Amino acid sequence: MKKLFVILILTTLISCKKDVIVSNIKEDVKTTIINTIDTSKPTTKVGFVIDNVWFKNNFPGFWIETHNGKGEGDFNNDGRKDLVVMFASNTEAKYQFQKDTSSRVVVGVFINHKTYFELDTNLVYSYLGGYSDISVSDINQDGYLDIYQMTGYWKGDISNRPGYYNSNGRGGMDGYVFMNYKNKSFTKYRLPILEDGASTTSMIFDNNKNGFDEIYSQSCLCYFEFNGNSFIRNEIVIDRTFLNQSFNMNVITPKFSNKNIGMIFTAESIFGERYFILKLEGNKLIPKVKFKPTHPNSGPAQEIYVKDLNGDGKSEYIIPMLIVENSNNTIPATPYLMIVDELGNDVTLKYMDFELSKPLEYEQFDWIGSWQTGFIFYTFADIDNDDIMEIFPASGIGYKKGNDTYYYKLINGKYELKLYHPGWIGNVHDSKVKNYTYKSFTDEKNGVNIFLILEKSLHLSIFKTF
């Protein structure tokens, strides 16, 4: 992992004029690159494909590093998923705030990871730091993928709040959308945060079926919708009653979207005691399921999966959960999975054996020195394209057994372990990678994934094939 694997350097030119960001995606280099890479057997390749000379010339004094976010989608329609990485900072990654807009410049890189080459470094803009994640979707459904840089936040444990953050809690910043014009340019739109909280997750989905995807953010009970010219903010009303009883629902977060299921949120009533699954109907959130965690002091992570697992016409909800040991986040949260039915019953053992339902051991997951561990991101991926998601514990890395990693696959109505990768990807006891956490990125169709280091050098990321 220390050794940099340099595959190819491509020189990329960028021009930026006002809010229109110009790109030039190259298509004529694929054959040459494919011939230099043997992907017929599982391999590990360390290092991102970045034109270091170009970067240093254009961004002197900046670090090439990951930031807390990535997006994915096939931008050039070649059948291989591309990775969108935001990086570049002239301050250390631990500082999540800057004094002004020149303090951090972020460069979006589309990397086609099947052939390991950089399609184009084609998105450059300044922002203030502290942004959390990236979503990729064809928001206006014109056949070209757009990028949403979700609402950022101020990390208040390092310095006083800068004036450009709002006064909500830890502070928040505006989000941005980059609308794609035929892969030739991106137009930048600002989504004002007002006095909302910051966001660590979002969903983009056409719930009202009007031909434009809506952006649903964790930061507010609202969504943003493109009308062809601008983004309009729409408020969401929540029904806080369930079976004629009122509840103080809070921490309301978009978690899942599907054209058959619809738009699903979760809400907390009392931490560690009861939670709700809600469905968005029009502009109103309706609670549908109330459930209690399997283990005390635990709550849902950032995503869920909804599927009719037994074919009876009713949905099951697969919910990644985190057990929080203490309130100051000095002990990593312990991840586990639970499955509930439409009545809120815990049916976990019906669909997975006891061993898989137990909380993961400390040695089985990586963490970044806080509670954000285990199943919090990138838990589900359909790697065999059978329309049923496989489950990947440990933030998408897999379930550690021996020195190998496994995933959960639904076989004859019950989840079982299947080999994912020989050799453990992360090692929480290795002092050299102790404070790293990985964001898993999987191209299910082409059998390649990238383990992207969070808030570290891009060159420490790991490529693997499966």
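Scroll up to find the structure this text is about.
Keep in mind it's a predicted model, so treat the numbers as computed, not measured.

**Q** I would appreciate a short explanation of the nonpolar core in the present structure.
**A** Soluble, globular proteins show a tendency: their nonpolar side chains are buried together. Counting 47 residues, the largest nonpolar core has Ile318, Ile319, Tyr408 and Tyr415 as the members making the most contacts within it. Those residues within four positions of Tyr415 in sequence are excluded, and the remaining contacts are Tyr305, Leu309, Ile318, Tyr351, Met352, Leu356, Ile388, Met389, Ile391, Tyr408, Lys409 and Leu410. Formed by 17 residues, the second largest nonpolar core is a distinct cluster that contains Met203, Tyr223, Ile252 and Phe276.

**Q** Would you mind going over the sheet that holds strand 22 (residues 284-291) with me for this structure?
**A** Within a sheet, neighbouring strands are paired by backbone hydrogen bonds and run either parallel or antiparallel to one another. One open sheet accounts for five strands, arranged 16-22-21-20-19; its pairing is mixed. Both edges of this open sheet fall to strand 16 (237-238) and strand 19 (250-258), since each of them pairs with a single strand only. Both strand 20 (residues 262-270) and strand 21 (residues 274-281) contribute to a ladder of six bridges, which runs antiparallel. Looking across to strand 21, one finds that Ile270 is bridged to Arg274.

**Q** Looking at this structure, I do not really get the pairing of strand 21. What am I missing?
**A** For a regular strand, the rule is simple: side chains alternate between the two faces of the sheet. In this structure, the hairpin formed by strand 20 and strand 21 is closed by a connection of three residues, where Gly272 is found at a positive phi of approximately 80°. Bridge count for strand 21 against strand 22 is seven bridges, and the pairing is antiparallel. The residue of strand 22 that forms the bridge with Phe276 is Lys290. The hairpin turn running from strand 21 into strand 22, its antiparallel successor, is two residues long, and Gly282 in that turn takes a positive phi close to 65°.

**Q** It is not clear to me how the sheet that holds strand 15 (residues 231-235) should be interpreted in this structure. Could you clarify?
**A** The strand order 12-13-14-15 describes an open sheet built from four strands, whose pairing is antiparallel. Either end of the sheet is taken by a strand with one partner, and the two such strands are strand 12 (202-205) and strand 15. Each adjacent strand pair in this sheet contributes to an overall mean axis angle of 25°, direction not counted. As defined by bridge partners, strand 13 (residues 214-217) adjoins strand 14 (residues 222-226) across three bridges and the pair is classed as antiparallel.

So, how was this worked out
- Residues numbered from 1 in each chain as written.
- Predicted model: local features only at pLDDT ≥ 70, side-chain atom pairs only at ≥ 80, totals over all residues.
- Heavy atoms only, no water.
- Core = buried A, V, L, I, M, F, W, Y, C linked by side-chain atoms within 4.5 Å.
- Buried < 20%, exposed > 50% of the residue type's maximum accessible area, 1.4 Å probe, protein only.
- Contact = heavy atoms within 4.5 Å.
- Pairing = 2+ DSSP bridges.
- Helix = DSSP H or I, 4+ residues; strand = E, 2+ residues; numbered from the N terminus.
- Axes fitted to C-alpha atoms, helices over the stretch in contact; angles between N-to-C directions.

Everything listed here is a matter of coordinates, which is why it stays silent on function.
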